Amino acid sequence: MDPIRKQELLRKDRQHVWHPFTQMKDYAELDPILIERAEGVYLYDADGNSYYDTNSSWWVNLHGHSHPRIKMAIARQLELMDHVMFSGLTHPSGIELAEQLVQITPPGLDKVFYSDNGSTAVEVALKMSFQYWQQSGRESKTKFVFVENSYHGDTLGAVSVGGVGAYHSVFRPLLFSAYSVPSPNVGTWPDTSEQGAHACVAHCLAAVRQRLESSAGEIAALIIEPMVQAAGGMIIYPAAYLQGLRELCTQYEVHLIADEVATGFGRTGRMFACDHAAITPDFMCLSKGITAGVMPLAATLCTTAVFDAFYDDYETLKTFTHGHSFTGNPIATATALASLSIFEDEPVMAQVEESAAYLREQMQTFGAFTHVDNIRSLGMIAAFDLFADKASKQRYDFTERIGFRAYQAGLQEGLFLRPLGDTLYYWLPLCTTPKQIKDIIERTHRVLHKLNM
Ligand SMILES: *Cc1c(COP(=O)(O)O)cnc(C)c1O
């Protein structure tokens, strides 16, 4: 890009744009990276530098940027129809996508309600569960249970069931009250062996049982991020916890909402994280990867039992009165269908299996660093934490911003490596090859050496 145009754009960015999850003052002197082009697993800036997109553009991209089949699907759909409303009207790709989502998600999820982002997918599940009980003669079931460290989006309903203080505490006065249960954070459990993980899961499930035992009569649903509490710090936990939740929710007649917004569509090494535990939730929230990370789209799936509680004569006033302007946008649903056809026609999950095994093995190399610990991975997700003192698990003072410094050093090494506090992680596109993973890890080693880690 012409350097004068670049400077002009950055000046206007500073003047008019407010970026998400960003302390804008950090960028008073520092320029954000002006991206001009993206292809495969690489981002290209205005100066022609390339960066590995190690977080899949905020956990959304699946098959690499600029995939020809995705581009073709968008162009074809655009020729026919741009956007139409989805009440009273319907359209082919919206219908076919619903059918395919029902086929690939766990058995028993039969109905698909579209919206346009992960937070709304969660809001829809919360409101449907609430209204279900109102219309099923169980009006006292109005509350929700969430797990500490969980993140379900930034709208107020989703924040009400969020458990990350740094994002959520300022809004407390605006939120509905909800019960929290402990996070199955096996990495911080005193005993980090397999037995320890077992004990941690048992401890956390006992707390859920206790809560449901005492309060199930006032609880509509429990919401969970299956297998990985992502924004809460890439906390990966055993499938046994999910299985335990399913059993308890069934036993105490509480809906289980699986928020697969981040984990869905292959990222964890299975198509859905719930597949690791072979469970069917009552609701499943999907977004991010649903369109291969190209168009905004979300879906909330539910069981026929839930749907039937709303299905009645108009005068009974049981309609689910919720919807968004861009519900079921045809370009987005056509994009999602193209992504699913790539899963079908190309060996996507076989590639994931190979790459994930290699990633898991290579992550162990970080164990040699003095300040790195709690190395973990699941599928294409991998993370470790930085400690001021590893032996005593002493964290860095947050004002040191060690994660942010690693991010900046990463840019110099051609890595777009966005941290979560002091947790460095990869959230790789499914198409990332072992060779690229090797390169990413070697570059990360150089980042850590630079920071005297
Ligand atoms: C990102 C995320 C959301 C929110 O999705 P948005 O599209 O950013 O609103 C909800 N749940 C989980 C688990 C997420 O990771």
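Residues numbered from 1 in each chain as written. Predicted model: local features only at pLDDT ≥ 70, side-chain atom pairs only at ≥ 80, totals over all residues. Heavy atoms only, no water.

With that settled, consider the overall build of the protein chain. On a plain count of helices and strands, the protein chain comes out with 15 helices and 16 strands. Against the compact-globule benchmark of 22 Å for 453 residues, the protein chain has a radius of gyration of 22 Å, which places it among compact chains. In terms of principal-axis extent, the alpha carbons of the protein chain reach across some 65 × 60 × 45 Å. Every one of the 453 residues in the protein chain was classed for burial, and the buried ones make up 53%. For the protein chain, restricting intrachain contacts to residue pairs at least 6 apart in sequence, the fraction spanning at least 24 positions comes to 69%. On the protein chain, roughly 20,500 Å² of surface is accessible, and the fraction owed to carbon and sulfur atoms is 54%. Taking the 36 positively charged and 51 negatively charged side chains of the protein chain as two groups, their mean positions are separated by 5 Å. (Helix = DSSP H or I, 4+ residues; strand = E, 2+ residues; numbered from the N terminus. Rg over C-alpha atoms; globule rule 2.2 N^0.38 Å. Buried < 20%, exposed > 50% of the residue type's maximum accessible area, 1.4 Å probe, protein only. Contact = heavy atoms within 4.5 Å. Areas by Shrake-Rupley, 256 points an atom, 1.4 Å probe, with all protein chains shown as cover. Lys, Arg positive; Asp, Glu negative; His and termini not counted. Charge placed at Lys NZ, Arg CZ, Asp CG, Glu CD.)

For the rest of this paragraph, the subject is helix α5 (residues 118–134). End to end, α5 covers 25 Å across 17 residues, agreeing with the expected 24 Å (1.5 Å per residue, within 8%). Taking the backbone nitrogen of S119 as reference, a side-chain oxygen 2.9 Å away marks N117 as the first, capping residue of α5. (Expected span 1.5 Å × (residues − 1). Polar contact = N/O pair within 3.5 Å; in protein donor to acceptor, adjacent residues only side chain to side chain.)

Taken together, W59, N117, G118, S119, Y151, H152, G153, E225, D259, V261, A262 and K288 make up all the residues around the ligand. Within the backbone of G118, a nitrogen or oxygen atom sits 2.8 Å from an oxygen atom of the ligand. One of the side-chain N or O atoms of D259 is found 2.6 Å from a nitrogen atom in the ligand. About the coverage of the ligand: the protein hides 83% of its 380 Å² of free accessible area. For the shell around the ligand, a count of residues per class yields 4 nonpolar, 5 polar and 3 charged. (Near = heavy atom within 4 Å. Nonpolar A, V, L, I, M, F, W, Y, C, P; charged D, E, K, R; others polar.)

In the UniProt entry, the feature "modified residue: N6-(pyridoxal phosphate)lysine" (unreviewed entry) is given for K288. Relative to the helices and strands, K288 resides in the loop between β11 (283–286) and β12 (298–303). Ignoring anything within four residues of it in the chain, the contact list for K288 reads W58, W59, V60, V261, A262, G293 and L297. (UniProt positions renumbered as here; feature names shortened; annotations may be inferred.)

The next thing to look at is the sheet that holds strand β3 (residues 50–53). Spatial strand order, β1-β2-β3-β15: 4 strands in an open sheet with mixed pairing. A strand with exactly one partner marks an edge of an open sheet, and here the two such strands are β1 (35–39) and β15 (415–416). Where strand β2 (residues 42–45) lies against β3, 3 bridges are found, and the strand directions are antiparallel. For L43, the partnering residue across the bridge sits in β3 and is Y51. (Pairing = 2+ DSSP bridges.)

A separate point is the pattern of salt bridges. In this structure the tally under the stated criterion is 18 salt bridges. Of the charged contacts in the structure, one is a salt bridge between K6 and D47, with a shortest N-O distance of 2.7 Å. Note that K6 is positioned in helix α1 (residues 3–16) and D47 in the loop between β2 and β3, a separation of 41 residues in sequence. Using a relative accessible area of 51% as the deciding quantity, one classes D47 as exposed. For K318, the salt bridge identified is with D312, shortest N-O distance 3.0 Å. Here D312 falls in the partly exposed class, since its relative accessible area comes to 41%. Connected through shared salt-bridge partners, R69, D345 and E346 make up one network. (Salt bridge = Lys/Arg side-chain N within 4 Å of Asp/Glu carboxyl O.)

Enumeration over the complete set of coordinates arrives at 17 aromatic pairs. Centre to centre, the rings of Y42 and Y44 are 6.5 Å apart; their planes meet at 50°, and the pair counts as tilted. Classification of Y42 as partly exposed rests on a relative accessible area of 24%. Through a chain of ring-to-ring contacts, the aromatic side chains of Y42, Y44 and Y52 assemble into a single cluster. (Phe/Tyr/Trp six-rings, centres within 6.5 Å; stacked < 30°, edge-to-face > 60°.)

What follows deals with the pairing of strand β7 (residues 219–224). Burial of β7 is extensive: 6 of the 6 residues sit out of reach of the surface. As paired strands, strand β5 (residues 143–147) and β7 are joined by 4 bridges and run parallel to one another. Looking across to β7, one finds that V145 is bridged to L222. In this sheet, strand β10 (residues 255–259) lies alongside β7 in parallel orientation, the contact comprising 4 bridges. Opposite I223, over in β10, you have I257 as the bridge partner.

Taken as a whole, the second largest pocket encloses approximately 820 Å³ of empty space. Together, 31 residues line the second largest pocket, and V112, F113, F307, F320 and H322 are the ones closest to its centre. Mapped onto the lining of the second largest pocket, the elements with two or more residues apiece are α4 (92–104), β4 (109–115) and α11 (304–308). For the lining of the second largest pocket, the leading source of residues is β4, giving 5 residues. (1 Å grid on protein atoms, 1.4 Å probe; cavity = no way out; pocket = protein on both sides within 12 Å on 5 of 7 lines; lining within 4 Å. Points joined across faces, edges and corners; volume = space filled by probe spheres on them.)

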